[in-house]
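Observations on the three-dimensional arrangement
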Number of protein chains: 2
Amino acid sequence: MITRYRIGTPFDMESVVVQLPVHDGALPGWETDAQNKCLTRTLAKSDIVYGLGESVRGINKRGWLYTSNNSDDPHHEETKHSLYASQNFVIVFSPDTKIAFGLYVDAPGKINFDIAYTDPDVFSISFEDFDADLYLVEAGSLKEIVREFRGLIGRSYIPPKWAFGLGQSRWSYMTADEVREVADSYDEAGIPLDMIYLDIDYMERYKDFTVNEEAFPDFEAFVKEMKDRGIHLVPIIDAGVKIEEGYPVYEEGIEKGYFCKKENGEELVAAVWPGTAHFPDFLNEDARRWFGDWYGFLTEKGIDGFWNDMNEPAIFYTADHLKEVFEGIRSFEGKNMDLRTFFGFKGLVASLENNPEDYRRFYHDFHGQKVRHDKVHNLFGYYMTRAAGEAFTRLRPGKRTLMFSRSSYIGMHRYGGVWTGDNQSWWSHILLNLRQLPALNMCGFMYSGADLGGFGQDCTEDLVLRWLSLGIFTPLMRDHAAMGTRRQELYRFKNTEAFRNIVGLRYALIPYLYSEFMKAVLKNDMLFLPLSFEFPDDERALTVEDQLYVGESIMIAPVYEQNARGRYVYLPERMKLLRFRSASDFDEEILEKGDHYVPADLNEVLVFLRPGHVLPLAASGARRVDEINEQDLTWFTFEGRPEEYELYTDDGISAIN
Amino acid sequence: MITRYRIGTPFDMESVVVQLPVHDGALPGWETDAQNKCLTRTLAKSDIVYGLGESVRGINKRGWLYTSNNSDDPHHEETKHSLYASQNFVIVFSPDTKIAFGLYVDAPGKINFDIAYTDPDVFSISFEDFDADLYLVEAGSLKEIVREFRGLIGRSYIPPKWAFGLGQSRWSYMTADEVREVADSYDEAGIPLDMIYLDIDYMERYKDFTVNEEAFPDFEAFVKEMKDRGIHLVPIIDAGVKIEEGYPVYEEGIEKGYFCKKENGEELVAAVWPGTAHFPDFLNEDARRWFGDWYGFLTEKGIDGFWNDMNEPAIFYTADHLKEVFEGIRSFEGKNMDLRTFFGFKGLVASLENNPEDYRRFYHDFHGQKVRHDKVHNLFGYYMTRAAGEAFTRLRPGKRTLMFSRSSYIGMHRYGGVWTGDNQSWWSHILLNLRQLPALNMCGFMYSGADLGGFGQDCTEDLVLRWLSLGIFTPLMRDHAAMGTRRQELYRFKNTEAFRNIVGLRYALIPYLYSEFMKAVLKNDMLFLPLSFEFPDDERALTVEDQLYVGESIMIAPVYEQNARGRYVYLPERMKLLRFRSASDFDEEILEKGDHYVPADLNEVLVFLRPGHVLPLAASGARRVDEINEQDLTWFTFEGRPEEYELYTDDGISAIN
């Protein structure tokens, strides 16, 4: 049961698809303090809090302060408060009473979720603007709460099936030849691949909906050449539109008044990759349609997948603040700067990027109302991706288009997936990746994944291999790395065989993963589940933060520590361990409920099969998703019957209504 | 057996105390490549590499690139290459053959230890200057290798016994009254305390060997007042001396020519806390003696402990480079900065701090030779602390003086301890703290510890409690936090009782910890041992990265995950679990060799007593180390006999020759 409460006079964010009546009165179970703009409740010592999608820390969010404030900050350290997304759905579960409830806070401004941070016994939610729709979700189980909530917010985005293949990315492959070399090298190494991503350098000086024709001559033919060999090219689209006379996206946007404006009616000038740029007002329906249509520039050339980036929006500097900073800098020149002065100087320069003040300098036309950006900040990535998603129904009717975004808000899950942004080549980010997956699923984001191997910093071969032992289970499986970092394409490493085998295992798992993904999307279920969602009565299961159920049949437990040769695993039930070295080379062992230390060499992946369940595996050898033979499956069983398994199949590209 | 090899013509760093003949020929087992200035050897898949003291990553250092290049960088992320210290001793252990050897690379410039990073099977050591003494240490066991090496480098620093009490620090307690309030609050909360640290604000405008008389009137009387209540004040000393007419340290240094000079003979002007400053040339014996004598300014006022900071040396900017940067900044003004230009601008500003070029701008007078700083960079903190340590024998003859440093190099371990610098309030830094302890011990650094609760960022109550479950075992036990972070004094938290009990347990453990520390120092043993050092034949023990033996009797296994209610522990032998809620409230349980999941609530500390051993505990109630009654001990036994335990006692303050 879902009940809608309201504080203040919120906007309609169109994040939900079911219009519930607003229930009079205050949100039950919480103390509403309008003066301090906060909601507060006491937590019992054993209470667990789930949710908040893409955020730092554990599956259990207890013990930190999370701020919904979409931020371009690649250093996802555990003391950060905000990442790229705001997904304001939480579930509070009391193991003592077995009572749980969900709460969705539908408000697009800055919100603090203080989950037993300031006071270890108090959960408080505080607002800059005390305007929100509050949806209280009550049901008999954790899984049922998620199902009810997902019904409220509408069906999750469905990508083409080929998007379950491996994608290789880098900032940037600079030329068509470099892209060809990546494809060739994968093929030569015998490692399957379905996508190559084009980062910002495929464009002409970072202008959306252009192609650098020197580096990528006859782009349309190149797209076809790659598609003919089974590789989809996936270009990036940025939120900022370069200011440049003669550039049609810029000129049309100016002419039609579709860019975000300042109080004085002038367009905001903010710099990103191309230097000074304007932000399309994605919150304005007409601007959204206009920008969406521009994706046609690339779909006409055969492109069938995109990623939307820099849409928090990221700002290097605004022209207005840049002036202030250079004036400020002058006052430091020639000074003997001590601690205070020097920190002041550094702070001044640092204030250029993603400055909260800059988010107060411009406005949207939202449902006909002039709204200052900071009031609706967290919607920007959602509405940019909505622009694309709505356009695809016009540009590629009846077809699925790959789309995922960096910034997001609940509602966007209907138009695209998410990748979890610019992470780092840190072992700790394997675990962060794992912990974000179920939280994203709770909030409707089903097609998701992290930059495997890490985006920033230098990876190591063992890090990438171990990360893949998680990554082969994520719907979005992409290797991506930043300019200046160590090369990270899987064929670059010494132990090619291990990479070939582990990616081969992914492809063999696709019949299962795609079935479980599709069923979860269509039934509003989660693909990735914390152990506690399956075993809420098992006290030990409640605290497990490094294992997940993936679909109905299996549990995974990746190794995420350097130089480890195995790991501890808690089994909440008797299970069959499948230790895969490849899809065709594995051990099987029945393990009893309880704690186990399970050896796992660098080239081994641990899968635990549930009793009464089965796991289908396609024959190895497929180099592309399309080559997977779904008629020829091997069935791993553990007291389960293959004929009872509901295998989901479709053509993988037609839109599903 | 130790054999000394040589490449090039190294300086004499005085890091060793035994002068061995130089053995002709190349280092056996390594390929010497003088052209590429590197040493290389192949590693077997199972080889383990220990050592490198204070560095990132695991007890097993395999799989990363470590650069000896003392750096002021508080973000100790796992992809950093350099921290504050260079401790160039490694041990390579081959479990397959049971052969191990130690290698000490005595060279003060930049060195890369590429331990199976570039190639997963190759260990290479590369140099900027191919000049080094190489000490190959061969012995029958890992512990014996360390003992031999420690014999080479000389006896480790011994602090006063009161330095095993709790110290409270913050950047900064601004006035004497604020210090009194901290002491009062600890006493009121019943939490033991022995030291309060004075960070940079006790000085008059950050000038070494001054006291801000407004904030700390009659400092001598204040030191006495605090000492009368059993609290030692421990002031900070920085490496940079403020440039200020009339300030005697500055004027003397100029007059005597004791500051580091540039090529042209002028003193280098580098800014730190006080703004522009000069660096004393600690490598010059006369300058060292002169600077050391200045500690007398404070010892005369009753001070008996210090910490040396910013001695990498940290540089905010040099006057020369600052000019270049401001000139450079002008060229960006008014420009439309795109990706490349903007990153260039940011890079220019960032180049101010700790710029490698600045380390090439100044020179030392080292053994009468003019040496450019970068050639001997890693010695600076060592020689600053040596200045202090040598002075203390003159200023406080026959007495021990508390001294620890941020930057270090092997050799410094004879003059002071180390704290592991500006860490963060990250759960992952509990584990980093644990892993650095045995590596520091291998390199001679016995009195050491981390900023408990984390220096940077905001802590949480549970983080601090869990960190203390490790921190109560470290010789240096200090709570320290940065300006602007959440208050971190232990009495500030809600669950005062838990903090009182856990610190009380530390004080009860001091008879054991001090005995084990002193015996380890006097016998060149380690206080903290990886499990593999005790059980090199136990394959599982070889990979344990989150447990340590502490002295002869116990093993510790702190919980380091938020919201955990216990943890996995591997026992390489049958042990007795002591689960302490306080020194007088505990459970006992015999656990068999093997894997265990051991519950541990937030207020519980896990100690594992070895078979055939005993653990003495003093009666609780001591508020100061001096109050501990060593005559009245409770003995925990597990098939061991108290009368066989060698309790080390002394007056705790007299110097030991």
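Residues numbered from 1 in each chain as written. Chains lettered and ligands numbered in written order. Predicted model: local features only at pLDDT ≥ 70, side-chain atom pairs only at ≥ 80, totals over all residues. Heavy atoms only, no water.

1. Some remarks on the relation of the copies chain B and chain A
To keep things clear, this is the line we draw: Fitting of the copies onto one another was done by least squares over C-alpha atoms, counting residues only where both copies have pLDDT of at least 70.
Rotating chain B by 180° and translating it 0.0 Å along the rotation axis places it on chain A, where the RMSD comes to 0.0 Å. The relationship between the two copies is best expressed as a two-fold rotation axis. Among all C-alpha atoms of chain B, that of Tyr568 of chain B lies closest to the rotation axis, at 3.7 Å.

2. Re the environment of Ala215 of chain A
Residues and elements named next belong to chain A. What counts, and what does not: Counting from the N terminus, the helices are the DSSP runs of H or I reaching at least four residues and the strands are the DSSP runs of E reaching at least two. Here, residues are in contact when the closest pair of their heavy atoms is within 4.5 Å.
Residue placement: Ala215 occurs in the loop between β13 (195–198) and α3 (219–228). Taking the C-alpha atoms as reference, Ala215 lies 9.1 Å from Met203; in sequence the two are 12 residues apart. With residues near it in sequence (within four places) discarded, Ala215 still touches Met174, Thr175 and Ala176.

3. Some details on the interface of chain B and chain A
Just so we agree on the cut-off: Summed over both partners, buried area is the accessible surface (1.4 Å probe) that two parts give up on being assembled. Each reported salt bridge corresponds to a side-chain nitrogen of Lys or Arg within 4 Å of a carboxyl oxygen of Asp or Glu. Here a polar contact is taken to be a pair of N or O atoms separated by no more than 3.5 Å, where protein atoms must pair a possible hydrogen donor with a possible acceptor and residues adjacent in sequence count only if both atoms sit in side chains. All amino acids are sorted into three groups, where Ala, Val, Leu, Ile, Met, Phe, Trp, Tyr, Cys and Pro are nonpolar, Asp, Glu, Lys and Arg are charged, and the leftover types, Gly among them, are polar.
Counting residues at the interface gives 71 residues for chain B and 71 residues for chain A. With both sides pooled, the region where chain B packs onto chain A buries about 5,900 Å², and carbon together with sulfur makes up 52% of that total. In terms of surface lost to chain A, no three residues of chain B exceed Phe326, Leu339 and Tyr568 of chain B, which account for 11% of the buried area on that side. Applying the counting rule to chain B against chain A returns 10 salt bridges. Here Lys494 of chain B ties to Asp121 of chain A by a salt bridge, and the two come within 2.7 Å at their closest N and O atoms. One can count 46 residue pairs in polar contact (both at pLDDT 80 or more) joining chain B with chain A. If you list the elements that add at least two residues to the side of chain B that touches chain A, you get β17 (270–272), β18 (275–278), α7 (319–330), α8 (339–350), α10 (428–442), β32 (566–571) and β35 (594–599) of chain B. Of the residues contributing to the side of chain B that touches chain A, the split by class is 30 nonpolar, 16 polar and 25 charged.

4. As for the pairing of strand β36 (residues 613–618) of chain A
Residue and element names in this part refer to chain A. Rules: Burial status follows relative accessibility: with a 1.4 Å probe on protein chains alone, a residue under 20% of its type maximum counts as buried, one over 50% as exposed, and anything between as partly exposed. One bridge is not enough; two strands pair if DSSP finds at least two bridges between them.
Extensive coverage of β36 is indicated by the burial of 6 of its 6 residues. Here β36 shows a buried face lined by His613, Leu615 and Leu617 and a second buried face lined by Val614, Pro616 and Ala618. Relative to strand β37 (residues 633–638), β36 is paired through 6 bridges, and the arrangement is antiparallel. Across the sheet, Pro616 pairs through a bridge with Trp635, a residue of β37.

5. Some remarks on empty space enclosed by the protein
Rules: A cavity here means a set of 1 Å grid points, computed over protein atoms only, where a 1.4 Å probe fits but cannot escape. A pocket is an open set with protein on both sides within 12 Å along at least 5 of 7 lines, and lining residues have an atom within 4 Å of a point. Grid points are joined across faces, edges and corners, and a volume is the space filled by probe spheres set on the points.
Here the structure, examined in full by the defined rule, presents 10 cavities of 30 Å³ or more. Space inside the largest cavity adds up to approximately 990 Å³. What lines the largest cavity is a set of 39 residues, among which Glu78, Trp427 and Ser428 of chain A together with Glu78 and Ser428 of chain B lie closest to the centre. Of all the secondary structure elements, the ones that give two or more residues to the lining of the largest cavity are α10 (428–442) of chain A together with α10 of chain B.

6. Brief notes about the pattern of salt bridges
Side chains carrying opposite charge are able to pair once their charged atoms draw close together. If you walk through the whole model with that rule in mind, you get 136 salt bridges over all chains. The partner of Arg435 of chain A in a salt bridge is Glu561 of chain B, and the shortest N-O contact between them spans 3.2 Å. Residue Arg435 of chain A is found in helix α10, and its partner Glu561 of chain B is found in the loop between β31 (554–556) and β32; the two belong to separate chains. Owing to a relative accessible area of 14%, Arg435 of chain A belongs among the buried residues under this scheme. On the basis of relative accessible area, Glu561 of chain B is assigned to the partly exposed category, the value being 30%. Among the ionic pairs, Glu639 of chain A bridges to Arg574 of chain A, the shortest N-O distance being 3.0 Å.

7. Some details on the sheet that holds strand β9 (residues 111–115) of chain A
All names here are of chain A. Defined as follows: The axes used here are C-alpha line fits, helices contributing only the stretch in contact, and every angle between their N-to-C directions lies in the interval 0 to 180 degrees.
Pairing within the open sheet is antiparallel, and its 5 strands lie in the order β2-β3-β10-β9-β5. Looking at the sheet topology across the chains shown, the edges are occupied by β2 (31–33) and β5 (64–68). Across the sheet, the mean angle separating the axes of adjacent strands is 15° when strand polarity is ignored. Here β5 runs beside β9; their pairing, made up of 5 bridges, is antiparallel. Within β9, the position partnered with Tyr66 by the bridge is Phe113.

8. A short note on the domain arrangement of chain A
All names here are of chain A. Convention followed: Annotation comment: domain bounds sourced from an automatic or database domain assignment.
Domains assigned within chain A are domain 1 (2–153) and domain 2 (512–644). One C-alpha centre belongs to domain 1, the other to domain 2, and the line joining them spans 31 Å. Taken together, the contacts link 15 residues of domain 1 with 17 residues of domain 2. Of the roughly 1,300 Å² buried where domain 1 meets domain 2, counting both sides, 58% is carbon and sulfur surface. Its salt-bridge partner being Asp537, residue Lys98 comes within 3.4 Å of it at the nearest N-O pair. Taken together, domain 1 and domain 2 are joined by 7 residue pairs in polar contact (both at pLDDT 80 or more). By residue number, the principal contributor to the side of domain 1 that touches domain 2 is helix α1 (residues 142–153), which donates 6 residues.

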